[in-house]
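An overview of the molecular structure
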Amino acid sequence: MVGRANRIHGKLYLAANRSEPIIKTLNMNIPSVDEIIGQNDQIAARRASLEAIAALVGNVYPNKFVRSRVSGGEDTITAVKNSDPVASAEAEMAEIKAGLAEGERPPADRKEAINERLRGVGTVRIAGRLTTPTRGNFVHLTDGIAKLQVYANKKGPLALIKNDGAETTVEDGGWALWQLLDHGDFIGVEGYLFMTNTGEVSVHIEKLQFLAKAMLPMPDKMHGIADPELRRRYRYADLIASSLQVEHDGLTTREVFERRAKLIAGMRRYLDDHGYIEVETPMLTPKATGAAAKPFETHHNALDITLYARIAPELYLKRLVVGGFEKVYELNRNFRNEGLSQRHNPEFTMLEFYCAYMDVEGMMDLCEQMMQESVMKATGGLVVEYEQNRIDFSKFERISMRDAILRYKPDADINDRTMIGLFDEFVEPNLIQPTFIVDFPKSISPLSKANPADTSIAERFELFINGMEIANGFSELNDPKEQYERFADQMKQREGGDEEAMVLDEDYIRALSYGMPPAAGIGIGIDRLVMLLTNKHSIRDVILFPHMRPERAQAPEEHETIEKS
RNA sequence: GGUCCGAUAGCUCAGUCGGUAGAGCAAAUGGCUUUUAACCAUUGGGUCGAAGGUUCGAGUCCUUCUCGGAUCACCA
């Protein structure tokens, strides 16, 4: 411990003499240099606790703790908390207490009957993080999902599990360890279940083992981490705060990402069940194409070529349709070298899928059905509250871009050039409920088939919800000659200064020349959909580790070298 | 990049008209040991984001800078 501290001290000594710490603390429980070298009283106290625990138990970072089985499964805190004996005991106690006056104790015989049943469960072995400060003899442990109260009795038999090398031995003295524990430490306990007077099932600890130390103070249990930057930058601490927090509005950070996982699982399930095959196409590509966006550039040393992080998997997936994958999807990241905003992260997750022999109408039907099923799986319903709106996924409107503009701006002068501008300004913010906008101008849809009835219009749709573009799909252009001409047109715009016009991909033209069946495809922005389902207003709140400015020192010397953007 | 708002104890925040730096929680010490958001008592903890200016005196007023948030423009 001392050696480690000295090393840190030596390494950072120069920085410590500057006016500012090299690790920016920003009002958070993250150590500055002073704190790392031990001048912060709270960290110093934890170090002292660690050393005292080491003297007591030996190895303070043991390699494992085997959680026994209560009813077939592993004894996680969640499993115990949700098990039938615990749930029914708490329900019965709640019923008893409902019939009692304020402060009145439950009848001893009824409580004893409950305890009798709880003892029948036998010994439980659970492990977790201490979520409440260790005053008194009750604390809560959490596995990140559920909390379970544990109880240590000073007088009762309370054994200490020591961790000496590979050996674990059991001795008296658990109370001595109990008194050294800090908020946030990990412990494992063995004991029996009992009912407290206040109606909470707890574990009466018979054996106590120390499992890991929290050297930094835990985030505030009432407020969590309030600063959005710190929540995103120190996501691990934010997630801990999720499990500690007593009161919160809406979903905790953990719940947001659980919901995200459910949505994605629901979409995979839907596509797998409908005969789609999941594929992975290159993320590092020689051409950044398939969408209108600026790419990230990198360099492959051995080949000595420039590669681009993909901006869309579209053209690769359609090559697979050419190759005979009639139903294919990819669910992964795309990268666009553009500004950051509430709705834009440099890397974002998109689901793209393609279905042979289908057109744009069929794709809209499919999109609607898939979204409904996966929204239902993620949230348990089809209506979500977002800001002041109630968004109803049970019906998706379809309206042409022209009609939508006329609805909100009846006197609009609509032509190919003005259409998109009018749409963005007057229509988009009004599209709160799920709405498919159809009949896009062909000129801005270079990969899309034209409508046979009106060749100036593309068979393309975009799905809008709460004023955000969520999905984009079309009948895929499969005429190689026309596709070549559309690319050529894009390249002309590019030369005219439009950096985001699409790049010609000759190999894709070759692929189409082998023949691609009629097909429809779609891309769905997963992050934005998650925002809607979790009532989050920033994309950074639905991405675990969103991109941030690098954390750095504020030392004056370094300011001069920082690029002004 | 433009505009607006913000930065005070480890955390969440007060700080009036410019006049000795505050609370709750967290921490330490002692007490208590079936508690329920955070048991009771005591104690420690601050270069008020940085630099400069006005003033007898600046957390407070002015300028510049840093960092963050909101918003606008491009983008999914």
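The coordinates are above.
Residues numbered from 1 in each chain as written. Chains lettered and ligands numbered in written order. Predicted model: local features only at pLDDT ≥ 70, side-chain atom pairs only at ≥ 80, totals over all residues. Heavy atoms only, no water.

Some details on the sheet that holds strand β9 (residues 284-285)
- Read across the sheet, three strands follow the order β9-β11-β10 without closing on themselves; strand pairing throughout is antiparallel. Every other strand in the sheet has two partners, leaving β9 and β10 (297-300) as the edge strands with one partner each. (Pairing = 2+ DSSP bridges. Helix = DSSP H or I, 4+ residues; strand = E, 2+ residues; numbered from the N terminus.)

Some thoughts on the packing of aromatic side chains
- Per the stated rule, a full pass over the model turns up nine aromatic pairs.
- Taking the centre distance of 5.6 Å and the plane angle of 80° together, the rings of Tyr276 and Phe353 count as edge-to-face. A residue pair is termed long-range when its members are at least 10 positions apart, and Tyr276 in the loop between α10 (253-273) and β8 (277-278) and Phe353 in strand β13 (residues 347-356) qualify at 77 residues. The two residues Tyr276 and Phe353 agree in class, both being buried. (Phe/Tyr/Trp six-rings, centres within 6.5 Å; stacked < 30°, edge-to-face > 60°. Buried < 20%, exposed > 50% of the residue type's maximum accessible area, 1.4 Å probe, protein only.)

Concerning the pattern of salt bridges
- By the definition in use, this model includes 36 salt bridges.
- As a salt-bridge pair, Glu190 and Arg125 come within 2.4 Å of each other at their nearest N and O atoms. Taken together, the positions of Glu190 in strand β6 (residues 186-195) and Arg125 in strand β1 (residues 124-130) put the pair 65 residues apart, joining distant regions of the chain.
- Taking the relative accessible area as the measure of exposure, Glu190 reaches 14% and is therefore buried. (Salt bridge = Lys/Arg side-chain N within 4 Å of Asp/Glu carboxyl O.)

Some remarks on a nonpolar patch on the surface
- A grouping of Tyr236, Leu239, Leu544 and Phe545 is seen on the molecular surface, where their side chains present a nonpolar patch of about 390 Å² in accessible area.
- Structurally, Leu544 can be placed in the loop between α17 (526-534) and α18 (556-559). (Patch = residues over 30% accessible without salt bridge, like charges linked within 9 Å, V, L, I, M, F, W, Y side chains within 5 Å. Areas by Shrake-Rupley, 256 points an atom, 1.4 Å probe, with all protein chains shown as cover.)

Some remarks on the environment of Asn59
- Looking at where Asn59 falls in the secondary structure, it is placed in the loop between α3 (41-57) and α4 (77-82).
- Considering only alpha carbons, one finds Asn59 and Asn163, 104 residues apart in sequence, at a separation of 5.3 Å.
- At 2.8 Å, the side chain of Asn59 and the backbone nitrogen of Tyr61 are in polar contact. (Polar contact = N/O pair within 3.5 Å; in protein donor to acceptor, adjacent residues only side chain to side chain.)

Some points on unusual backbone geometry
- One non-glycine residue, Asp304, lies in positive phi territory at about 50°.
- Its identity is not glycine, yet Glu387 carries a phi of approximately 50°, on the positive side.
- Summarising the element assignment, Glu387 is placed in the loop between β14 (383-386) and β15 (389-392).
- Judged by relative accessible area, Glu387 falls into the partly exposed class, the value being 40%.

Describing the state of the cysteines
- The full count for this structure, using the stated rule, is zero disulfides.
- The structure places no disulfide on Cys355, whose sulfur is separated from the nearest cysteine sulfur, that of Cys367, by 13 Å.
- We classify Cys355 as buried; its relative accessible area is 4%.
- Looking at Cys367, the relative accessible area reads 0%, which means it is buried. (Disulfide = S-S within 2.5 Å.)

Notes on the pairing of strand β17 (residues 435-441)
- The element β17 is extensively covered by neighbouring structure, given that six of its seven residues are classed as buried.
- Sheet analysis places strand β16 (residues 397-400) next to β17, joined by four bridges and oriented parallel. If you follow Glu397 over to β17, its bridge partner there is Thr435.
- Here β17 runs beside strand β19 (residues 454-465); their pairing, made up of six bridges, is antiparallel. Bridged to Ile437 within β19 is Glu462.

What to know about the side chain of Lys162
- Residue placement: Lys162 occurs in strand β4 (residues 159-164).
- Polar contacts involving the side chain of Lys162 include one to the side chain of Glu171, which spans 3.2 Å.
- In this structure Lys162 touches Leu56, Val57, Glu167, Thr168, Thr169 and Glu171, once residues within four positions along its chain are discounted. (Contact = heavy atoms within 4.5 Å.)

Quick notes on the packing of helix α15 (residues 480-495) against helix α16 (residues 506-513)
- With their axes 9 Å apart at the nearest point, α15 and α16 run at an angle of 160° to one another. Classed by the angle they form, the pair α15 and α16 counts as roughly antiparallel. Crossing angle aside, the handedness with which α15 passes α16 is right-handed. Taken together, the residues of α16 that come into contact with α15 (itself represented by Pro480, Gln483, Tyr484 and Phe487) are Tyr508, Ile509, Leu512 and Ser513. (Axes fitted to C-alpha atoms, helices over the stretch in contact; angles between N-to-C directions. Parallel < 35°, antiparallel > 145°, perpendicular 65-115°, else oblique. Left-handed = near helix turned anticlockwise from the far one by under 90°.)

By themselves these figures say nothing about function.
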